[in-house]
Amino acid sequence: MTDTTGGDVRLSGISKTYGSFTAVHPLDLTVPAGSFFALLGASGCGKTTTLRMIAGLENPTTGTVELGGRDVTALPPHKRPVNTVFQNYALFPHLDIYENVAFGLRRRGIKSVKKQVDETLELVELGPLARRRPHQLSGGQQQRVALARALINHPQVLLLDEPLGALDLKLRRQMQLELKRIQTEVGITFVHVTHDQEEAMAMADTVAVMNAGRVEQLGRPADLYENPETTFVANFLGTSNLIEAEVAEATDEELLLTAGEAKLRLPARRCRGAARAGDTILAGIRPEKVSLAHADEAGSVPEGRNRVQGNITDAGFMGVSTQYVVETRAAGRIAVYEQNIERDGRLVPGADVVLHWSPENTFGFDADARSIHGVQQPAGEGV
Amino acid sequence: MKTAEAPPPASAAAPPPPAPGGATGRRNLTPYWLLLPGILWLLVFFAAPMVYQASTSVQTGSLEEGFRVTWHFATYWDALTEYYPQFLRSVLYAGTATLLCLLVGYPLAYAIAFRAGRWRNLLLVLVIAPFFTSFLIRTLAWKTILADGGPVVEVLNALHVIDVTTWIGLTEGHRLLATPLAVICGLTYNFLPFMILPLYASLERIDPRLHEAAGDLYAKPFTTFRKVTFPLSMPGVVAGTLLAFIPASGDYINAELLGSTDQKMVGNVIQSQFLRVLDYPTAAALSFILMAAILAIVGVYIRKSGTEEIV
């Protein structure tokens, strides 16, 4: 339990069903020791159930949980070298902060807890509040107590269940950095459950995007963002423009697509699934990677870029950026985020424009993927 | 800089800001109007009888000649010296019954609060179901249940349980009726709902995630109970024990119906002094001594259990 290096968390074929409802479909997942791992998904996608199965608070219907090579599936929570930061902290209201933090040590029969408790409270910067009761603390402070109470035990794995969900936006950003700092400092494996894609991308080394009880994609945040493998991931992580297009020509390097009158190019390695000439696929492009030029300057757009003509229907000024919605005949509605560096006064609703982007930034799926997946997530804040 | 220019300290000594709504000179009287019926009730049915009883307790005289206030405080001392065994018995029986209520009621309240699921409301109704029948009838029913030659006595005799209780001193002569055990059982039965309901209320308020958190922090199930659940249910324990102990120590029905002359409690003495012997001063004095004793016991208990929230 005091082994700080820990080991991998390995879930093999783990699933959970409640009656006829399947919360988690059989799932294989390995979290490498010492990593910061995020389970990301909308509420009800099975991410918290997965976390609770690692903690031992739910019994998996099938499958096994291994911690550092040891099968712990049959162990009750109090025998697992795992600690949890609960969603609403679950601090003991009848104990002061000091005793809350010392709880785990005392249960393991450790008598002299003072030094460790003081050090841990120092780590989360709560030293002076040791004798307060939880209800006398602010949300952010309670969050730190919950973290200290778990960390002091040096678990092999620290499980965090939406730990920042109850905090306001500014405090949440601050705690994200702090959690990352603490994780680096203590080197414990963190498994973090969140529905906030920015939170997951800002903190985690590896993100698993879950949807309807399944892992859709797993990888480094930048990989997930740049190379989404499913439409769900493309839409859940940030915003994507998905354009239905027909493959006109396919080579090993490149796919030539036609969408209406527009001709688009897509590097073959960035298209998921085999696409042959004549297939219909979805081509995706992130809004911030699309450039916008007034129709009068269409000539200045460099050759070799994907280009689509359209008409601005909406422009929202966001401070750092402006978010445009452009209606195109070839590709439907396209969202475009432009940095407000040099604003072109002509780019107002009603203006005819040319959208263009580098083919390198285009990604594609074969069309059995449905493009509405994941769009219930509000578009990412800012750019 | 001249000292004369120092800012006047008036701002520090400024009068406190007027209370909200005070500017118009009108106070909101609604709370007082709402309190009025309760206060009247207490005055007529609590304060006035108390004063009347207090004056009775220091009167002398007889029924034929009439009673007059003579400030005869010796009545208190006489009552105490004559009836102290009944006082001790009351505290002992009520205390034992309260403890039994706690032992029986806690697991029940715990089960209803955490394990009952959709049966929870039904079980709560069952807890208060005895109240649909009169206290007197229910205690008379116990008389039948515990009667000599009844199945309960037979079974307990066959199992030699009664030999054990006799050895402890709770029963005698292979019977249950007219023994201390019968009175204590009656008290336990009659005041059990008063224990269960506050216990349930305080257990039900405990966030089940605290149990998960304790388990997650290496507490075994029993340790979780000892370190988290029980401390958090203390307000219910204190309220329940008070609600059971206070009426039980003044009760006389159970001792009257289930006990013999050797099990008389102070309530029986007060009842017979008032209604049979017609010695009103002694009865009033006994009532006041009982009240003072209960207040003292409750005061010490609350201080010991460290719970100010429930009073």
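Sequence order as written defines the numbering, with residues in each chain counted from 1. Written order determines the labels here, with chains lettered from A and ligands numbered from 1. The predicted nature of this model means local features are confined to residues of pLDDT at least 70 and side-chain atom pairs, given and counted, to a pLDDT of 80 or more, with totals for whole chains, interfaces and linings taken over all residues.

Named according to an unreviewed UniProt entry, chain B is ABC transporter permease originating from Streptomyces meridianus. Regarding chain B, the UniProt comment filed under Subcellular location (unreviewed entry) reads as follows: "Cell membrane". UniProt positions are given in the numbering used here, feature names are shortened, and annotations may be inferred rather than shown by experiment. You can read under Sequence similarities (unreviewed entry) in the UniProt record for chain B the words "Belongs to the binding-protein-dependent transport system permease family. CysTW subfamily."

The name given to chain A in an unreviewed UniProt entry is Spermidine/putrescine import ATP-binding protein PotA, with the source organism recorded as Streptomyces meridianus. Taken from UniProt, the Sequence similarities (unreviewed entry) comment for chain A reads in full: "Belongs to the ABC transporter superfamily. Spermidine/putrescine importer (TC 3.A.1.11.1) family." For chain A, the Catalytic activity (unreviewed entry) comment in UniProt is given as "ATP + H2O + polyamine-[polyamine-binding protein]Side 1 = ADP + phosphate + polyamineSide 2 + [polyamine-binding protein]Side 1."

Bringing the overall build of chain A into the picture now. Each helix corresponds to a stretch of at least 4 residues labelled H or I by DSSP, and each strand to a stretch of at least 2 residues labelled E; elements are numbered beginning at the N terminus. Secondary structure summary: chain A contains eight helices and 21 strands in total. Expressed as lengths along the three principal axes of its C-alpha atoms, the size of chain A is roughly 80 × 45 × 35 Å. In chain A, which comprises 383 residues, the proportion classed as buried is 42%. Neighbour density around each residue's C-beta defines its exposure: 20 or more other C-beta atoms within 10 Å make it buried, 12 or fewer make it exposed, and counts between make it partly exposed, where C-beta atoms are placed from the backbone.

Regarding its fold elements, chain B presents 13 helices and two strands. Counting the 311 residues in chain B, one finds 30% classified as buried. Counting contacts in chain B only where the partners sit at least 6 residues apart, residues at least 24 apart contribute 70% of the total. Residues are defined as contacting one another if the C-beta atoms placed from their backbone atoms lie within 7 Å.

Moving on to the sheet that holds strand β19 (residues 332-339) of chain A. Adjacent strands of a sheet form backbone hydrogen bonds with each other and so pair up, either parallel or antiparallel. Residues and elements named next belong to chain A. When DSSP finds two or more bridges between a pair of strands, those strands are recorded as paired. Strand order across the open sheet formed by five strands is β16-β20-β17-β18-β19, with antiparallel pairing between neighbours. Only two strands of the sheet have a single neighbouring strand rather than two, namely β16 (291-294) and β19. Across the sheet, the mean angle from the axis of one strand to that of its neighbour is 45 degrees, orientation sign disregarded. When strand β18 (residues 321-328) meets β19, the two strands line up antiparallel, connected through eight bridges. Residue Q323 lies in a different strand from β19, and its bridge partner there is Y337. Helix axes are fitted to C-alpha atoms over the stretch in contact, other axes to C-alpha atoms as well, and angles between N-to-C directions run from 0 to 180 degrees.

Here the focus is the packing of helix α10 (residues 234-250) of chain B against helix α13 (residues 280-305) of chain B. Residue and element names in this part refer to chain B. The N-to-C vectors of α10 and α13 enclose an angle of 165 degrees; their axes lie 11 Å apart at closest approach. One way to sum up the angle between α10 and α13 is to call them roughly antiparallel. Like other packed secondary-structure pairs, α10 and α13 cross with a definite hand, here right-handed. For the pair formed by α10 and α13, the contact residues are M234, V238, L242, I246, S249 and G250 on the first element and L290, I294, V298, I302 and S305 on the second. Split into classes, the residues belonging to the contact of α10 with α13 amount to eight nonpolar, three polar and no charged. Geometric relationships in this document are graded by angle, where less than 35 degrees denotes roughly parallel, more than 145 denotes roughly antiparallel, 65 to 115 denotes roughly perpendicular, and other angles denote oblique. In this scheme the crossing of two helices becomes right-handed for a clockwise turn of the near helix relative to the far one and left-handed for an anticlockwise turn of less than a right angle. When residues are sorted by character, Ala, Val, Leu, Ile, Met, Phe, Trp, Tyr, Cys and Pro go into the nonpolar class, Asp, Glu, Lys and Arg into the charged class, and all the rest, Gly among them, into the polar class.

UniProt records the feature "domain: ABC transporter" (unreviewed entry) for residues 9-237 of chain A in the present numbering. Summarising residues 9-237 of chain A: 35% helix, 27% strand, and an end-to-end C-alpha distance of 25 Å.

All right, on to the nonpolar core then. Defined on buried residues, the nonpolar core groups Ala, Val, Leu, Ile, Met, Phe, Trp, Tyr and Cys residues joined through C-beta atoms within 7 Å. I54, A148, L158, L159, V191, V209 and L355 of chain A are the most contacted members of the largest nonpolar core, which totals 105 residues. Top contributing element to this core by residue count: helix α4 (residues 139-151) of chain A, with six residues. Domain segmentation is taken from an automatic or database assignment of domains. The two domains that each donate at least three residues to this core are domain 1 (9-226) and domain 2 (239-366) of chain A. Counting residues in hydrophobic clusters, the runner-up holds 49 residues, among them V238, A284, A285 and L290 of chain B.

Residue and element names in this part refer to chain B. Working rule for helices: expected span equals 1.5 Å times residues minus one. In this model, α10 (17 residues) spans 24 Å end to end at C-alpha, consistent with the 24 Å of a helix rising 1.5 Å per residue. Of all the residues in α10, the buried ones are G236, V237, V238, A239, G240, T241, L242, A244, F245, A248 and S249. Taken together, the buried residues of α10 touch α2 (74-114), α7 (180-204) and α13.

Before going further, it helps to spend a moment on the interface of chain B and chain A. Taken together, the 15 residues of chain B in the interface contact 16 residues of chain A. Mapped by element, the contributors of at least two residues to the side of chain B that touches chain A are α8 (208-216) and α9 (221-232) of chain B. It is α8 of chain B that provides the largest number of residues to the side of chain B that touches chain A, a total of six residues. Among the residues forming the side of chain B that touches chain A, the class breakdown is eight nonpolar, two polar and five charged.

For the rest of this paragraph, the subject is the UniProt feature "domain: ABC transmembrane type-1" (unreviewed entry) in chain B. Listed under "domain: ABC transmembrane type-1" (unreviewed entry) in the UniProt record, and renumbered for this structure, are residues 87-301 of chain B. Between the first and last C-alpha atoms of residues 87-301 of chain B the distance is 18 Å; the span itself is 78% helix and 0% strand.

Turning our eyes to something else, we now look at the sheet that holds strand β4 (residues 62-67) of chain A. All names here are of chain A. Taken in spatial order, the four strands of this open sheet run β2-β1-β4-β5, and their pairing is antiparallel. The sheet is open, and its two borders are formed by β2 (21-31) and β5 (70-71), each paired with just one other strand. Pairing between strand β1 (residues 9-18) and β4: five bridges, direction antiparallel. When the sheet's bridge partners are listed, R10 is paired in β4 with E66.

Segmentation of chain A into domains returns domain 1 (9-226) and domain 2 (239-366). One C-alpha centre belongs to domain 1 of chain A, the other to domain 2 of chain A; they are set 40 Å apart.

A few words now on the UniProt feature "transmembrane region" (unreviewed entry) in chain B. All names here are of chain B. Mapped onto the present numbering, the UniProt feature "transmembrane region" (unreviewed entry) falls on residues 32-52, 91-110, 122-141, 177-201, 228-248 and 283-302. With 88% helix and 0% strand, the stretch residues 177-201 has end C-alpha atoms that lie 35 Å from each other. As a span, residues 228-248 carries 95% helix and 0% strand, and end to end its C-alpha atoms are 30 Å apart.

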